[in-house]
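# Remarks on the overall topology
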Amino acid sequence: MAKKREPIRVEAYVKVNGEDVNVDTLSPEQKRKLATWIKLTVCNELYRGRAVFTAKEAEV
């Protein structure tokens, strides 16, 4: 018989004005900026030395 296990609970935090803030409590605008930053960081690391990615708007 399989053991019942507690589900794994994951929370993400980011620094906002030097303070840790739960990602779930960010405003939609802040979530969009965070998503843009993550995508740019991943793309720039994957294609380092071959391409440079930037946001269309200078928001990051």
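On a predicted model such as this, the values are computed, not experimentally measured, just so you know. (Residues numbered from 1 in each chain as written. Predicted model: local features only at pLDDT ≥ 70, side-chain atom pairs only at ≥ 80, totals over all residues. Heavy atoms only, no water.)

Examined bridge by bridge, strand β1 (residues 13-16) and strand β2 (residues 19-22) share 4 bridges and lie antiparallel to one another. Counterpart to Y13 in the pairing with β2 is N22. Taking the residues that link successive antiparallel strands as the turn, the β1-β2 hairpin has 2 residues, and the phi of N17 there is positive, at about 55 degrees. (Pairing = 2+ DSSP bridges. Helix = DSSP H or I, 4+ residues; strand = E, 2+ residues; numbered from the N terminus.)

Here we come to unusual backbone geometry. Positive phi is not limited to glycine here, since N17 has a value of about 55 degrees. With respect to the helices and strands, the residue N17 is situated in the loop between β1 and β2. Judged by relative accessible area, which is 81%, N17 ranks as exposed. (Buried < 20%, exposed > 50% of the residue type's maximum accessible area, 1.4 Å probe, protein only.)

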